[in-house]
Amino acid sequence: MTEHGIGARVARKEDKRFITGHGRYTDDINVPGQAYAFFVRSPLAHARINRVDTAAATAAPGVIGVLTGADVAAAGVGGLICGWAVTGKGGAAMKAGAHPILAHQKARYVGDHVAVVVARTYTQARDAAELVEVDYAELPAVIDLATARDATSVHDEIERNTVYEWELGDQAATDAALGNAAHVTTIEITNNRLIPNAMEPRAAIGQYDVGTGQHTLYTTSQNPHVARLVISAFVGLAAEHQLRVVAPDVGGGFGSKIFIYAEECVCLWASKKLGVPIKWVAERTESFLADAHGRDHVTKASLAMDADGTFTALKVHTTANMGAYLSTFASSVPTYLYGTLLAGQYKTPAIYCEVDAVYTNTAPVDAYRGAGRPEATYLIETLVETAARETGRDPAELRRRNLIQPGDFPYQTPVALAYDTGNYEAHLDTALELADYNGFPARKAEAASRGKLRGIGLSCYIEACGLAPSQVVGSLGAGVGLWEAGKVRFSVTGKLQVFTGSHSHGQGHETTFAQVMASKLGVHYDDIEVFHGDTDQTPMGMGTYGSRSLAVGGSALANAADKIIEKGRRIAAHLLEASERDIDFANGRFTVRGTNREKTIGEVVFAAYVPHNYPEDLEPGMEETAFYDPANFTFPAGTYVCEVEVEPDTGTVEIVKFTAVDDFGKVVNPMIVEGQVHGGLAQGIGQAMLENAVYDPASGQLLTGSYMDYCMPRADDVPSFDVSTTETACTHNPLGVKGCGEAGAIGSPPALMNAIADAVGTRVSMPATPEKVWQAIHGSAVAQAAE
Amino acid sequence: MYAFNYHRPSTVQEALLLLKSAEDGKLMAGGQTLIPTLKQRLAQPSDVIDLGRIKELVGITEDGDAVVVGGMTTHGAVATSPLVEARIPGLAALAHLIGDPQVRHRGTIGGSLANNDPSSDYPGAVLALDATIVTDRRKIAADDFFEGMFDTALEEDELITSVRFPVPAKSAYRKFPNPASRYAMAGAMVAVTVGGVRVAITGAGPCGYRWTEAEQALEGGLDPAAIDGLTVAADDLNSDIHASAAYRANLVKVMTKRAVEALA
């Protein structure tokens with residue numbers, strides 16, 4: 001390991017600008033002559049739009065134009081799409097309702113974008129927006145997930161509000177095993193709805209150059225090339241070659257900025273229509289209302305086991321809330337990112353899963369950090385823990401008995417995925433030791449002497465990352481391939497520019513990828529600059545989500561570096577008058593094997609750009625691009641142990657210890673990985689204890705529309721984490737890496753919830769608010785007595 | 001926010017004249033409620049009269065057996081005042097629990113009391129310590145001040161100039177914060193005053209109130225067990241997505257007991 005290479009704890013290149021306020025976010029960009037957009041949003045959850053009167057707003061000071069859904073329809077603008085066509089039972093096609101960029105004839109959730117006002121200043125736009133008169137005819141709001149299929153249609157043409165009824169696995173084998181089981185544990189469980197809350201709200205600037213016909217969209221995107229593709233090919237606002245999408249510094253995404261949203265499309269469309277660049281920056285209230293939300297499942301599941309505790313079958317039925325429209329990847333989250341993960345770390349031989357995806361009059365629901373895998377993990381790990389308690393088994397030992405063993409890899413699960421490698425017992429053992437699992441009874445007794453209820457809980461998670469083999473996802477209905485591209489360009493003086501199709505919005509790509517390049521090419525870390533986020537600058541790429549950047553984007557870059565090395569080898573052989581076969585490359589030096597004759601990579605690069613003495617049949621220059629399509633998903637896994645103390649008289653839960661042991665394969669920068677785990681754990685703890693998006697069931701108003709009511713985790717809500725890793729290298733990518741971005745958020749909720757259940761003796765639903773925990777301790781009778 | 005005329009008077013008299021001459025004027029103390037309300041366009045005053053430059057409203061002094069806190073004194077100043085810490089440490093501790101550092105350095109005692117948010121902390125201190133609200137025209141006893149949710153005895157054009165806290169033998173505040181807003185879901189201030197033990201509850205009901213049953217139970221001495229036998233009726237308590245009235249009733253009891261434990 002070199003000082004700045006793979007494996008080193010290198011301080012992040014990007015932090016200087018972020019910490020000193022020199023980041024350049026979309027709102028920091030100002031285009032000469034730009035106007036401002038303000039969106040008129042539906043105050044009702046479900047309503048016919050009879051008429052939109054824009055006359056008064058249009059006449060207001062500073063207003064350049066007011067556009068409505070009728071204008072969008074008249075202009076023939078396409079709608080937003082869901083890019084993953086999930087096929088339901090019996091080959092039934094998914095039913096996707098139209099998703100116009102401004103609502104037409106019907107508004108479907110509180111915050112639905114009904115019209116846009118464009119004015120010289122933001123205040124003028126907002127003032128004029130109050131003059132837009134919308135005549136609504138209110139319809140019953142469909143909010144409750146359990147009854148949504150029997151309610152009013154959210155999309156008139158879609159029956160029973162059902163997007164699809166999907167299934168996976170062997171129903172007959174699963175039912176048979178359930179029938180023959182020595183014990184069956186059945187639970188009903190809700191995965192609570194979350195609001196992403198990236199620190200930077202969404203923003204966009206649409207710009208049309210009438211001289212060149214070029215469109216530019218600055219936007220808060222995790223995947224600018226995908227945005228360009230969707231906006232050109234489906235929304236139809238510009239030809240792909242005439243559309244530049246720039247996602248500059250982006251302040252957090254957590255999935256919510258993968259999707260192509262109406263507002264950015266409207267800014268681009270209106271900029272051409274009104275002849276003025278248009279900026280929009282979401283207010284925090286708009287983020288709460290109109291960012292795609294996450295999770296929101298209701299599930300019933302049964303786990304069967306035989307007399308010695310071996311799992312024999314798992315049967316799952318989930319209802320997944322899609323919200324009012326299908327967001328960009330919404331359909332894949334409760335299916336291919338959820339059902340396929342239901343084996344977990346266990347050798348359960350028969351699994352059958354059904355998922356009903358339904359429309360409601362709520363904001364669209366799509367991928368949020370973990371996306372399907374937190375839902376799967378929470379379900380499995382709650383089932384396993386409950387089964388252990390029901391049968392009087394130690395939860396750790398019940399898990400151990402059922403783990404897939406190192407000798408079982410590659411392991412074909414009953415739910416489509418084939419795990420390439422892992423050593424689940426290794427992180428289980430490490431975690432139990434670090435958490436002093438065996439010492440828990442003594443700590444519980446000591447806590448009891450202080451009047452506290454102490455509990456311990458485990459979570460053994462697995463996730464599928466590194467999305468994804470294109471042929472596989474294509475066969476499952478994905479509209480795109482999920483490869484990644486990387487370009488490596490030396491300058492004449494030996495400096496390195498690295499271009500990736502992935503996108504960093506906090507993850508630290510500029511550091512991690514520079515470390516990979518430093519190790520691969522022997523160039524000093526300070527001489528490497530990583531570029532991302534501009535479709536005119538970087539090679540076509542699929543962006544960042546699903547913890548894929550290093551495993552897929554990093555692999556593309558590693559392969560591009562290998563091409564550089566191979567070309568350099570030819571040049572070096574020429575310069576050293578040796579055979580290519582005799583040239584070794586290491587630490588930035590091409591050496592003639594068995595001699596001390598060598599050329600540095602800097603000398604070779606110089607020769608490539610100043611080819612005075614150069615192989616005759618070789619192109620000059622030193623720049624290579626590689627496209628990498630992974631052979632399989634990667635499968636990070638780990639064991640988390642959480643220990644809590646509960647105050648019986650208030651139900652307050654304190655996390656006294658949290659141990660996370662993850663297998664991410666090879667680790668490039670342990671500091672960044674730890675930071676990713678810390679953030680993920682905090683997010684998972686937020687879901688488990690604090691966060692909950694609540695709509696009023698009658699009116700459909702979002703009751704948790706600000707930080708006064710939506711509780712984000714703060715520093716004093718989380719403990720100091722004990723984080724470490726074990727390692728089995730990924731078998732199918734050149735770096736041996738698996739991905740670490742989502743693990744913390746996937747693995748932590750069940751560990752915490754199992755610890756609370758252990759402390760109070762019964763399961764509590766997420767978020768485990770003090771009141772719920774207090775009720776669990778005292779029972780409803782006590783709660784009633786207190787009234 | 002909507003446009004308004006902004007004024008920054010330097011005396012109380014000037015502020016009141018501006019308020020009187022404004023079509024729909026609004027006094028602004030620390031602005032911790034008014035500014036978010038304006039930003040959300042939920043209010044449209046013609047004039048905002050910022051009290052932030054009125055020096056006579058700021059400061060903490062000792063006056064005989066009382067500590068007098070100027071109406072525009074920030075929570076942070078109360079929390080860290082050596083005088084308050086020495087004479088009424090329970091009041092300093094309460095102020096330290098309000099909001100977060102930013103709120104404590106902008107928000108003021110006069111603004112908080114005039115707004116009378118049901119989940120604010122100061123009503124607990126004012127009621128338990130039997131404080132007197134001093135305005136530009138009169139003195140209002142604590143027990144007469146809080147009239148309901150966001151409703152006080154103040155006239156429309158009346159301004160809190162100071163709050164006079166008689167120094168108690170001892171006092172303590174215990175608060176269960178709303179996890180999201182960190183306002184009080186229920187808070188209990190218990191004080192041993194010249195007039196006896198006073199117990200004030202905030203956060204749980206429409207506004208701060210005295211829990212007289214607890215005061216009676218503690219007359220025989222500050223025994224935490226005396227609270228155990230009491231029943232808190234949930235009927236008039238607040239219920240929302242964060243906590244039911246029943247849970248708040250439990251918190252009233254638990255927080256009171258903890259405050260008593262701190263004094264015992």
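Residues numbered from 1 in each chain as written. Chains lettered and ligands numbered in written order. Predicted model: local features only at pLDDT ≥ 70, side-chain atom pairs only at ≥ 80, totals over all residues. Heavy atoms only, no water.

Trainee: How should the overall build of chain A be read in this particular structure?
Mentor: Looking only at helices and strands, chain A has 19 helices and 28 strands in total. For the C-alpha atoms alone, the extent of chain A along its principal axes is close to 90 × 75 × 50 Å. Looking at the 787 residues of chain A, the share that counts as buried comes to 61%. For chain A, long-range pairs separated by at least 24 residues make up 80% of all intrachain contacts whose partners lie at least 6 apart in sequence. Of the roughly 26,900 Å² that chain A leaves accessible, carbon and sulfur atoms contribute 51%. Looking at chain A, you have 62 positive and 92 negative side-chain charges, and the mean spots of the two groups are 3 Å apart. (Helix = DSSP H or I, 4+ residues; strand = E, 2+ residues; numbered from the N terminus. Buried < 20%, exposed > 50% of the residue type's maximum accessible area, 1.4 Å probe, protein only. Contact = heavy atoms within 4.5 Å. Areas by Shrake-Rupley, 256 points an atom, 1.4 Å probe, with all protein chains shown as cover. Lys, Arg positive; Asp, Glu negative; His and termini not counted. Charge placed at Lys NZ, Arg CZ, Asp CG, Glu CD.)

Trainee: Which parts of the structure should I look at to understand the interface of chain B and chain A?
Mentor: In many reports, interface size means the accessible area that the parts give up when they come together. On the side of chain A, 26 residues touch chain B, which itself brings 25 residues to the contact. Looking only at chain B, the three residues that lose the most surface to chain A are R41, R182 and Y247 of chain B, adding up to 28% of its buried area. Where chain B meets chain A, there are six salt bridges. In this assembly, chain B and chain A are joined by 13 residue pairs in polar contact (both at pLDDT 80 or more). Considering each element in turn, the side of chain B that touches chain A owes the most residues, eight residues, to helix α12 (residues 245-263) of chain B. In the side of chain B that touches chain A, the residues fall into 15 nonpolar, six polar and four charged. (Buried area = accessible area lost by both parts, 1.4 Å probe. Salt bridge = Lys/Arg side-chain N within 4 Å of Asp/Glu carboxyl O. Polar contact = N/O pair within 3.5 Å; in protein donor to acceptor, adjacent residues only side chain to side chain. Nonpolar A, V, L, I, M, F, W, Y, C, P; charged D, E, K, R; others polar.)

Trainee: Sorry, what's going on with the environment of A191 of chain B here?
Mentor: Tracing the backbone through its elements, the reader meets A191 of chain B in strand β12 (residues 184-193). Each residue touching A191 of chain B, except ones within four places of it in the same chain, is listed here: A128, L129, P168, K170, S171, G196, V197 and R198 of chain B.

Trainee: In this structure, what is going on with the environment of E616 of chain A? I would like to understand it.
Mentor: All names here are of chain A. Mapped onto the fold, E616 is located in the loop between α16 (601-609) and β25 (623-628). The exposure class assigned to E616 is exposed, which follows from its relative accessible area of 84%. For the pair E616 and G91, spaced 525 residues apart in the sequence, the C-alpha separation amounts to 58 Å.

Trainee: In this structure, what is going on with the domain arrangement of chain A? I would like to understand it.
Mentor: Residues and elements named next belong to chain A. Looking at chain A, the domain boundaries give domain 1 (18-23 + 34-139 + 197-290), domain 2 (297-467 + 632-786) and domain 3 (483-628). Counting from both sides, the interface comprises 20 residues of domain 2 and, opposite them, 19 residues of domain 3. The contact between domain 2 and domain 3 buries some 1,400 Å² in all, and 62% of this surface belongs to carbon and sulfur atoms. It is L467, V668 and L735 that lose the most area in domain 2 upon contact with domain 3, and together they represent 37% of the buried surface on that side. On inspection of domain 2 and its partner domain 3, the count reaches zero salt bridges. Our count for the domain 2 to domain 3 interface comes out at seven residue pairs in polar contact (both at pLDDT 80 or more). Across the side of domain 2 that touches domain 3, the residue classes break down as eight nonpolar, eight polar and four charged. (Domains from an automatic or database assignment.)

Trainee: Hey, could you run me through the pattern of salt bridges in this one?
Mentor: Side chains that differ in sign of charge can pair as their charged atoms come close. Residues and elements named next belong to chain B. Within the structure shown, the criterion is met by 70 salt bridges over all chains. In this structure, the salt-bridge partner of D157 is R137, at a minimum N-O distance of 3.0 Å. With D157 in the loop between β9 (151-152) and β10 (160-166) and R137 in the loop between β6 (132-135) and β7 (139-141), this residue pair connects regions lying 20 residues apart in the sequence. A residue is classified by how much of its surface remains accessible, and D157, at 37% relative accessible area, is partly exposed. For R137, a relative accessible area of 40% gives the class partly exposed. A salt bridge links D143 to R198, with the shortest nitrogen-to-oxygen separation between them at 3.1 Å. In this pair, D143 is assigned in helix α9 (residues 142-145) and R198 in strand β13 (residues 196-202), connecting sequence segments 55 residues apart. Classification of D143 as partly exposed rests on a relative accessible area of 40%. Residue classification places R198 among the buried positions, given a relative accessible area of 7%.

Trainee: What is the right way to read the pairing of strand β23 (residues 589-592) of chain A from this model?
Mentor: A regular strand carries its side chains on alternate faces of the sheet. Residue and element names in this part refer to chain A. Because side chains alternate across β23, one face comprises the buried residues F590 and V592, and the other comprises R589 and T591, none of which is buried. When strand β22 (residues 583-586) meets β23, the two strands line up antiparallel, connected through four bridges. Of the residues in β23, the one forming a bridge with F585 is F590. The turn joining β22 and β23, which pair antiparallel and follow one another in sequence, is formed by two residues; a positive phi near 50° is taken by N587. Sheet topology places β23 next to strand β24 (residues 598-600); three bridges connect them, and they run antiparallel. Paired with F590 across the bridge in β24 is K599. Hairpin connection, β23 to β24: the antiparallel pair is bridged by five residues, and G594 has positive phi, about 80°. (Pairing = 2+ DSSP bridges.)

Trainee: Honestly, the domain arrangement of chain B in this entry has me stumped. Any pointers?
Mentor: Residues and elements named next belong to chain B. Domain annotation for chain B reports domain 1 (5-50) and domain 2 (58-263). On a C-alpha basis, the centroid separation for the pair domain 1 and domain 2 is 26 Å. Taken together, the contact between domain 1 and domain 2 spans nine residues of the former and 13 residues of the latter. Between domain 1 and domain 2 the total buried area reaches about 820 Å² when both faces are included, carbon and sulfur atoms providing 70% of it.

Trainee: I'm lost on the state of the cysteines in this one. Help?
Mentor: In protein chemistry, a disulfide is the covalent bond that joins the sulfur atoms of two cysteines. On inspection of all chains with the given rule, the structure shows zero disulfides over all chains. Left unpaired, C465 of chain A is separated from the closest cysteine sulfur, that of C740 of chain A, by 8.8 Å. (Disulfide = S-S within 2.5 Å.)

Trainee: Sorry, what's going on with the sheet that holds β13 of chain B here?
Mentor: Strand pairing in a sheet is mediated by backbone hydrogen bonds. Such pairs are either parallel or antiparallel. Residue and element names in this part refer to chain B. Here we have four strands laid out as an open sheet, ordered β11-β12-β13-β14, and antiparallel in their pairing. Two strands in the sheet have a free side with no partner beyond their single neighbour: β11 (170-177) and β14 (209-210). Pairing geometry for β11 and β12, over eight bridges, is antiparallel. Paired with R174 across the strands is A188, a residue of β12. Here α12 sits on the sheet and contacts β11, β12, β13 and β14; the angle it forms with β12, its principal contact strand, is near 35°. (Axes fitted to C-alpha atoms, helices over the stretch in contact; angles between N-to-C directions.)

Trainee: Mind showing me how you'd approach the sheet that holds strand β5 (residues 66-70) of chain B here?
Mentor: Residue and element names in this part refer to chain B. Strands sit in the order β4-β5-β10-β6-β7 across an open sheet of five strands; the sheet is antiparallel. Of all the strands in the sheet, just β4 (60-63) and β7 have a single pairing partner and so form its edges. Between one strand axis and the next, the sheet turns by 25° as a mean value, whatever way the strands run.

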